[in-house]
Amino acid sequence: MGSFVLSCESTADYPRSFFEARGIEYIMFHYELDGVVHEDDLYQSVTPEAFFGALKAGSTSKTSQVSVGEYTEFWKPMLEAGKDVLHLTLSSGISGTYNSAVIAARDLEAQYPDRTVRVVDSLAASAGYGLLMDYLADMRDAGATFDEAASWAEEHKLNVNHWFFVSDLDCLKRGGRVSSTSALLATALKICPVMNVDYQGKLIPREKIRTKKKAIAELVKNMMAHVENGAAYTGKCSISHSACREDAEEVARLIGEQIPALKGNIAINNIGTVIGSHTGPGTVALFFMGVSASISERAAARQLASRAASHARVAGRCHANSIFLDAMVLPPSASGIW
């Protein structure tokens with residue numbers, strides 16, 4: 001499987017069978033459900049239905065990142081086997097785990113001077129992070145060198161597009177990422193926030209869409225606006241969901257109608273326990289290769305400015321809606337514990 005080791009974290013949200021088949025090593029985050037600590041073991045010890053069912057019933061889940069010591073013990077056997085390691089971390093925009101990984105890699109340099117651990121901040125999350133690992137496994141298996149794979153990851157990580165919506169705001173409310181007032185209004189008005197990941201790997205609210213059906217259509221619309229080569233796209237695409245597979249399948253169906261190469265070829269996976277602790281149930285996320293986030297961010301800024309001007313012109317016409325439209329879903333702190 002190549003002359004170097006590819007590794008990542010469990011927050012790449014692909015199933016264990018994928019990592020085993022692709023020869024990708026992974027290290028587990030942790031979550032604490034109702035006071036009991038568990039490893040994010042890719043649903044080996046709990047089912048997605050049980051986990052999200054517990055959250056929906058009111059259970060609380062806290063998450064913790066990988067420690068410096070855990071990274072050190074994870075990589076040591078690989079280095080002792082004479083392998084270099086290319087490791088991609090969960091986005092630094094939503095977790096401090098990148099810093100821990102860099103410290104561990106630096107500590108290991110002194111112990112293994114002939115070996116290299118290269119840490120890359122993926123600026124990605126969930127199955128978007130997994131999608132990036134899938135491409136890197138293809139490169140490694142095709143004979144790419146360690147440096148070639150690392151350079152490709154740095155050059156193309158912002159081409160991984162993340163678009164998602166949330167239809168159940170309860171966990172976002174409990175986590176402080178949306179106010180109680182906004183959550184109440186959103187539920188009453190059947191509003192689904194649509195978000196994406198920006199060039200800094202942070203979660204950014206983009207739209208507030210009335211009804212889940214329209215939010216599903218909005219994901220597909222955004223894909224068609226940003227995907228590489230439009231309807232002629234032949235790259236990878238994946239969808240992750242939290243206890244709402246039918247919604248994910250509808251997104252896949254609509255994409256297949258517009259991009260022939262993807263019909264029946266979109267991977268649908270469960271959002272993992274760590275990411276899912278923050279999104280809660282009712283989230284669908286779409287990932288594909290497309291316009292760099294740094295470019296799309298500038299376009300989004302122009303769009304938001306135009307929308308703000310439009311809202312100002314119609315201020316006072318629909319007071320309840322304007323209250324919510326002015327409220328923003330708060331992104332997690334970069335120093336948080338995702």
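Below or above, wherever it landed, is the structure these notes cover. (Residues numbered from 1 in each chain as written. Predicted model: local features only at pLDDT ≥ 70, side-chain atom pairs only at ≥ 80, totals over all residues. Heavy atoms only, no water.)

**Here we look at helix α4 (residues 97-111)**
Link 1 in the chain: Given a rise of 1.5 Å per residue, 15 residues ought to cover 21 Å, and the 22 Å separating the end C-alpha atoms of α4 matches this to within 8%.
Link 2 in the chain: Within α4 the residues assigned to the buried category are T97, S100, A101, A104, A105 and L108. Projected down its long axis, α4 shows its buried positions confined to an angular sector of 130 degrees, all on one face. Set apart from the buried face of α4 by more than 90 degrees, the exposed residues are R106 and A110.
Link 3 in the chain: Looking at the packing, one finds that the buried side of α4 touches β1 (4-9), α3 (68-80), β6 (84-89) and β7 (117-121). (Helix = DSSP H or I, 4+ residues; strand = E, 2+ residues; numbered from the N terminus. Expected span 1.5 Å × (residues − 1). Buried < 20%, exposed > 50% of the residue type's maximum accessible area, 1.4 Å probe, protein only. Arc of directions from axis to C-beta. Contact = heavy atoms within 4.5 Å.)

**So, the sheet that holds strand β2 (residues 24-27)**
Link 1 in the chain: As summarised here, the arrangement of the four strands in space is β2-β1-β6-β7, forming an open sheet in which the pairing is parallel. A single partner strand is all that each edge strand has here, and the edge strands are β2 and β7. If you compare each strand with its neighbour and ignore which way they point, the axes differ by 25 degrees on average.
Link 2 in the chain: The sheet contacts of α3 involve β1, β2, β6 and β7, and relative to β6 the element is tilted by about 150 degrees.
Link 3 in the chain: Strand contacts of α4: β1, β6 and β7, with the helix running at about 165 degrees to β7, the strand carrying the most contacts. (Pairing = 2+ DSSP bridges. Axes fitted to C-alpha atoms, helices over the stretch in contact; angles between N-to-C directions.)

**What to know about the packing of aromatic side chains**
Link 1 in the chain: In total, this model carries nine aromatic pairs according to the counting rule given.
Link 2 in the chain: For the ring pair F4 and F146, a centre distance of 5.6 Å and an interplane angle of 85 degrees mean the geometry is edge-to-face. Pair noted here: F4 is in strand β1 and F146 is in helix α6 (residues 146-156), with a separation of 142 residues, a long-range link. Taken as a pair, F4 and F146 share a single burial class, namely buried.
Link 3 in the chain: Taken together, the ring pairs in this structure connect Y14, F18, F19 and Y26 into an aromatic cluster. (Phe/Tyr/Trp six-rings, centres within 6.5 Å; stacked < 30°, edge-to-face > 60°.)

**Remarks on the sheet that holds strand β13 (residues 283-289)**
Link 1 in the chain: Spatially, the six strands line up as an open sheet ordered β10-β9-β8-β13-β11-β12, and their pairing is mixed. One side of each edge strand has no neighbouring strand; the edge strands of this open sheet are β10 (203-210) and β12 (267-270). For this sheet, the mean angle separating the axes of adjacent strands, direction not counted, is 20 degrees.
Link 2 in the chain: Looking at chain direction, strand β11 (residues 237-241) and β12 are connected through four bridges and run parallel. Residue pairing for β12: H241 is matched across the bridge by N270.

**Describing empty space enclosed by the protein**
Link 1 in the chain: Inspection of every chain in the model, using the stated rule, returns four cavities of 30 Å³ or more.
Link 2 in the chain: The computed volume of the largest cavity comes to approximately 130 Å³.
Link 3 in the chain: What lines the largest cavity is a set of 14 residues, and nearest its centre among them are A125, S126, F164, L203 and I275.
Link 4 in the chain: At the level of elements, β8 (160-166), α11 (273-279) and β13 are the ones that each hand at least two residues to the lining of the largest cavity.
Link 5 in the chain: Among the residues forming the lining of the largest cavity, the class breakdown is 10 nonpolar, four polar and no charged. (1 Å grid on protein atoms, 1.4 Å probe; cavity = no way out; pocket = protein on both sides within 12 Å on 5 of 7 lines; lining within 4 Å. Points joined across faces, edges and corners; volume = space filled by probe spheres on them. Nonpolar A, V, L, I, M, F, W, Y, C, P; charged D, E, K, R; others polar.)

**What to know about the pattern of salt bridges**
Link 1 in the chain: Summed over the entire model, instances satisfying the criterion amount to 15 salt bridges.
Link 2 in the chain: Of the charged contacts, one joins K236 and D134 as a salt bridge, the two residues approaching to 3.4 Å between their closest N and O atoms. Taken together, the residues span a long stretch of sequence, with K236 in the loop between α9 (212-226) and β11 and D134 in helix α5 (residues 126-141) at a distance of 102 residues.
Link 3 in the chain: Residue D134 is classed as buried on the basis of its relative accessible area of 11%.
Link 4 in the chain: Two residues, R245 and E249, come together in a salt bridge whose shortest N-O distance is 3.0 Å. In this pair, R245 and E249 are both assigned in helix α10 (residues 245-258), four residues apart and thus about one turn of the helix distant. (Salt bridge = Lys/Arg side-chain N within 4 Å of Asp/Glu carboxyl O.)

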